[in-house]
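Here is what each chain is made of, one letter per residue.
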Amino acid sequence: MESYALLIAATLNAGTVLALAALGLLINEKAGVVNLGAEGMMLCAAIAGFACVVHTGNDWLGFAAGMGAGAVLAAIFGVLVIWLNTNQYATGLALSLFGVGFSAFVGIGYVQEKLPERPNYEIPFLADIPLLGPAFFKQHPLVYGAILLVLALIWFLYRSRTGLVLRAVGESPASAHALGYSVRLIRLAAVVAGGALCGLAGAYISVSYTPLWVEGMVAGKGWIALALTTFATWRPARVLLGAYLFGGVTMLQFHLQSMGVEVPSQLLTALPYIATIVVLALISRNPTWIRVNMPASLGKPFYPSF
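Residues numbered from 1 in each chain as written. Predicted model: local features only at pLDDT ≥ 70, side-chain atom pairs only at ≥ 80, totals over all residues. Heavy atoms only, no water.

K.L.:
What is the right way to read the packing of helix 2 (residues 38-56) against helix 4 (residues 88-106) from this model?
P.N.:
Helix-helix packing is described using two parameters, namely the angle between the two axes and the distance between the axes. At a minimum axis separation of 6 Å, helix 2 and helix 4 run at an interaxial angle of 20 degrees. Classified by the angle between their axes, helix 2 and helix 4 sit roughly parallel to one another. Regarding helix 2 and helix 4, the two cross each other, and that crossing is left-handed. Where helix 2 abuts helix 4, its residues Glu39, Gly40, Met41, Leu43, Cys44 and Ile47 lie against Leu95, Ser96, Gly99, Val100, Phe102, Ser103 and Val106. Grouping the constituent residues of the contact of helix 2 with helix 4 by class yields 8 nonpolar, 4 polar and 1 charged. (Axes fitted to C-alpha atoms, helices over the stretch in contact; angles between N-to-C directions. Helix = DSSP H or I, 4+ residues; strand = E, 2+ residues; numbered from the N terminus. Parallel < 35°, antiparallel > 145°, perpendicular 65-115°, else oblique. Left-handed = near helix turned anticlockwise from the far one by under 90°. Contact = heavy atoms within 4.5 Å. Nonpolar A, V, L, I, M, F, W, Y, C, P; charged D, E, K, R; others polar.)

Pasting the structure below:
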């Protein structure tokens, strides 16, 4: 029973990383922008957050630093693709490559650094419930924050006027422009907000999820988060469920190893990426389903007059 509680807890923890990043990318894509630079932004945010905690001892300042790093990189990406009309895919890939190299360079001096003792979070009384307590009520506040973020995003996108305008920009930028909305500014705001969430995910990895700095420690989670938005058909609730699914697959390798299952470690390590490929292949078999849910202007060139 205890091992299953630990597996559930680890799944929620791992899924939170993917959920935060994927929700940020979902905001981008709802506005019609594809940002392939999530991996690079998360790496830069990871080293920014880790370095901040090393020097200040405050985790929340570290998360703020990670969000700031992600937002700045996303703003640069946004200016390039929205105002200078560079190719979204090429610019995103360049941002990802830049983030990998820059974080490795900046993080050289932090490889051996250690963070202060990590706090133990738990909800009083509920944490003592057998099985449910260790599984659900001894989590980092950001685990619950990701769930609240999903609820807030659902309300924002489908119940608020601002969310309606954001979706209009993604569905029909010409119509939004005709109504007097600045398509460029709205898209830039969406890109920066998405970058901040990717930054929060990156900082969460280095500050809480695995509290250390190692070059390339994001390990493809940015790409999985990008695939997750398509898997979830651009719906926040489905993003969260998908994140937990992929998080569970990631943690399953450690659970199987602890149970003594004779499976090659290389195969277990590859499980999350195999699951990503399988899911995308299954979804791609029904292109109509994707086309119905995908924002109409997603990834299309921008109109200079906007």
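K.L.:
So what exactly am I meant to see when it comes to the packing of aromatic side chains here?
P.N.:
Remark: the centre distance and the inter-plane angle together describe each pair of aromatic rings, the angle taken between the planes. Under the criterion given, the structure shown has 5 aromatic pairs. Measuring from centroid to centroid gives 5.2 Å for tryptophan 60 and phenylalanine 63, while their planes differ by 70 degrees, and the two rings are edge-to-face. Highlighted residues: tryptophan 60 and phenylalanine 63, both in helix 3 (residues 59-83), separated by 3 residues, approximately one helical turn. Assessed through its relative accessible area of 2%, phenylalanine 63 is described here as buried. What links up through ring pairs into an aromatic cluster is the set Trp60, Phe63 and Tyr204. (Phe/Tyr/Trp six-rings, centres within 6.5 Å; stacked < 30°, edge-to-face > 60°. Buried < 20%, exposed > 50% of the residue type's maximum accessible area, 1.4 Å probe, protein only.)

K.L.:
What should I look at first to understand the side chain of threonine 229 in this one?
P.N.:
Examined against the element boundaries, threonine 229 turns out to sit in helix 10 (residues 221-231). Polar contacts involving the side chain of threonine 229 include one to the main-chain carbonyl oxygen of leucine 226, which spans 2.7 Å. Ignoring anything within four residues of it in the chain, the contact list for threonine 229 reads Ala22, Leu25, Leu26, Glu29 and Trp234. (Polar contact = N/O pair within 3.5 Å; in protein donor to acceptor, adjacent residues only side chain to side chain.)

K.L.:
So what exactly am I meant to see when it comes to the pattern of salt bridges here?
P.N.:
Once the charged atoms of two side chains with opposite charge are near each other, the side chains can pair. One pass over the structure, following the stated rule, counts 1 salt bridge. The salt bridge involving aspartate 59 is made with arginine 118; its shortest N-O contact spans 2.7 Å. Linking aspartate 59 in helix 3 with arginine 118 in the loop between helix 4 and helix 5 (132-136), this pair joins segments that are 59 residues apart in sequence. The class for aspartate 59 is buried, based on a relative accessible area of 10%. (Salt bridge = Lys/Arg side-chain N within 4 Å of Asp/Glu carboxyl O.)

K.L.:
Can you help me understand the packing of helix 2 against helix 9 (residues 183-209) in this one?
P.N.:
Viewed as axis vectors pointing N to C, helix 2 and helix 9 meet at an angle of 55 degrees, and their least axial separation amounts to 7 Å. Overall, the two elements helix 2 and helix 9 adopt an arrangement that is oblique. Of the two possible hands of crossing, helix 2 and helix 9 adopt the one that is right-handed. Across the interface between the two elements, Ala38, Met41, Met42, Ala45, Ala46, Gly49, Phe50 and Val53 from helix 2 touch Gly195, Cys198, Gly199, Ala201, Gly202, Ala203, Ile205, Ser206 and Val207 from helix 9. Residues belonging to the contact of helix 2 with helix 9 are distributed by class as follows: 12 nonpolar, 5 polar and no charged.

Shape is all these values report; function is a separate question.
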